[in-house]
Amino acid sequence: EAKRNGGGQTSCYQVGMKEAVAERHSLESDMRIAMGRREFHLAYQPVMTLCDDRIIGYEALIRWDHPVRGLVPPASFIPVAEQSDQILAIGRWVLEEACREAATWIDDRHVAVNVSSVQLRSPRLLEHLISALTTSGLPADRLEIEVTETALIESGEKVSEILTAIRTLGVKVAMDDFGTGYSSLSHLRQLPFDRIKIDRSFVANAMTDQSSMAVLKGVIQIGRDLGVSTLAEGVETKGQLDLLRSLGCDVIQGYLIGKPTRIARQAMAAA
Ligand code: C2E
Ligand code: MG
Ligand code: MG
Ligand code: MG
């Protein structure tokens, strides 16, 4: 009720806005010193094949352990980092750290690293990828970058060229959170990538919602037709695993197989 408050007084709405802006600035300035204080680390979540139940890799997920705030979830600080350019420094650190760690893994397991649309638009991404690979000694084909469907659309026309350059290095490209953006299925044909990660909302709703089931089936079928690997995110139950196996999904990730942990661990056999 800003109007009735009259001149001079501040409405609840304005106070709320001010608090949100202040909180943002405070997160932003905390983030600037977080790297030097080693407050970031990576957690690794296993990815398992459905044809032979093998762990073929891990997704690296950033964690921020703040001395006062505690664990700050990436969903609350990554968007702030993206709007202040800090994502470039943070993203570079994630790449270096993930490659260094993955170089020690057995059985040629890959590491999947989330790359923001800001990084994708940066002319230095290629250089950062090469540097992370060279420094760690990790073979390029054991690094996979994850780009969200939305980031691919936002990044515009040049994105195909960028992805092609990345793939020319031997690095794999996955489309993350597929189904949550506004891309059409024809984008799947046009963009060069190696894996589709189907958003966990479709997995969660498939049993009870026919349209989620239809999308799940459709994307897995398209993946097969295009020769692109399909990964279902957020698998939490044996029922979901059985369904995905029967639909012909290639690989899965989710709490059923393993939660993200600080040390990449062989997951428990879930099937
Ligand atoms: P994402 O890349 O789609 O990662 C999957 C998220 O789902 C992770 O959340 C993971 O912990 C969670 N998850 C995995 N399995 C399950 C499950 O079975 N059930 C449920 N309920 N959740 C599950 P997290 O770690 O909080 O990360 C959230 C998002 O933050 C990521 O979504 C990604 O978009 C972003 N993010 C995380 N690390 C980085 C990073 O290093 N760089 C960038 N740019 N973004 C990152
Ligand atoms: Mg991801
Ligand atoms: Mg995802
Ligand atoms: Mg997600």
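Residues numbered from 1 in each chain as written. Chains lettered and ligands numbered in written order. Predicted model: local features only at pLDDT ≥ 70, side-chain atom pairs only at ≥ 80, totals over all residues. Heavy atoms only, no water.

## A short note on the coordination of the magnesium ion (ligand 3)
Now for step 1: Note on the magnesium ion (ligand 3): its protein donors are Asp176 (OD), Asp177 (OD), Glu233 (OE) and Glu233 (OE). The metal-donor distances range over 2.0 to 2.7 Å.
Now for step 2: Every donor residue of the magnesium ion (ligand 3) comes from the same chain, spaced as D-D-x55-E.
Now for step 3: Here the magnesium ion (ligand 3) and the magnesium ion (ligand 2) are spaced 3.8 Å apart, and both take aspartate 176 as a donor.
Now for step 4: You can call aspartate 176 buried: its relative accessible area is 5%. (Donors = N, O, S within 2.8 Å, 3.2 Å for Na, K, Ca; no water. Buried < 20%, exposed > 50% of the residue type's maximum accessible area, 1.4 Å probe, protein only.)

## Observations concerning the side chain of glutamate 233
Now for step 1: Structurally, the position occupied by glutamate 233 is in the loop between strand E8 (229-232) and helix H12 (238-247).
Now for step 2: Lysine 197 provides the closest opposite charge to the buried, salt-bridge-free glutamate 233, at an N-O distance of 4.2 Å.
Now for step 3: Each residue touching glutamate 233, except ones within four places of it in the same chain, is listed here: Asp176, Asp177, Lys197, Ile198, Asp199, Arg200, Val203 and Gln253. (Helix = DSSP H or I, 4+ residues; strand = E, 2+ residues; numbered from the N terminus. Lys, Arg positive; Asp, Glu negative; His and termini not counted. Salt bridge = Lys/Arg side-chain N within 4 Å of Asp/Glu carboxyl O. Contact = heavy atoms within 4.5 Å.)

## Focus: the pattern of salt bridges
Now for step 1: One pass over the full model with this rule turns up 14 salt bridges.
Now for step 2: A salt bridge links glutamate 28 to arginine 32; the nearest nitrogen and oxygen atoms lie 3.7 Å apart. Of this pair, glutamate 28 and arginine 32 both sit in helix H2 (residues 12-34), 4 residues apart, which is roughly one turn of that helix.
Now for step 3: Where lysine 197 meets glutamate 59, a salt bridge forms, and the shortest distance between an N and an O atom there is 2.9 Å. Here the residue lysine 197 occupies a position in strand E7 (residues 195-198), and glutamate 59 occupies one in strand E2 (residues 55-66), the gap between them amounting to 138 residues. In terms of burial, lysine 197 and glutamate 59 fall into one category: buried.

## Focus: the coordination of the magnesium ion (ligand 2)
Now for step 1: Those protein atoms acting as donors to the magnesium ion (ligand 2) are Glu59 (OE), Asn114 (OD1), Glu146 (OE) and Asp176 (OD), and they sit at 2.0 to 2.2 Å.
Now for step 2: Considered as a linear motif, the donors of the magnesium ion (ligand 2) on their single chain read E-x54-N-x31-E-x29-D.
Now for step 3: For asparagine 114, a relative accessible area of 30% corresponds to the partly exposed category.
Now for step 4: Judged by its relative accessible area of 2%, glutamate 146 is buried.

## A closer look at the side chain of glutamate 97
Now for step 1: Locating glutamate 97 in the fold gives a position in helix H4 (residues 86-102).
Now for step 2: Among the polar contacts listed, one links the side chain of glutamate 97 to the side chain of arginine 100, at a separation of 3.0 Å.
Now for step 3: Look past the residues within four positions of glutamate 97 in its chain and what remains in contact with it is Leu42 and Tyr44. (Polar contact = N/O pair within 3.5 Å; in protein donor to acceptor, adjacent residues only side chain to side chain.)

## Quick look at the site of ligand 1
Now for step 1: The local shell around ligand 1 holds 21 residues, among which Arg63, Asn114, Asp176, Glu236 and Tyr255 are the closest.
Now for step 2: Contact distances for ligand 1 include 2.5 Å between a nitrogen atom and a side-chain N or O atom of glutamate 236.
Now for step 3: With the chains in place, 82% of the 800 Å² that ligand 1 exposes on its own is no longer accessible.
Now for step 4: Secondary-structure elements contributing two or more residues to the shell around ligand 1 are E2, helix H3 (74-83) and strand E6 (172-178).
Now for step 5: Sort the elements by how many residues they give to the shell around ligand 1 and E2 lands first, with 4 residues. (Near = heavy atom within 4 Å. Areas by Shrake-Rupley, 256 points an atom, 1.4 Å probe, with all protein chains shown as cover.)

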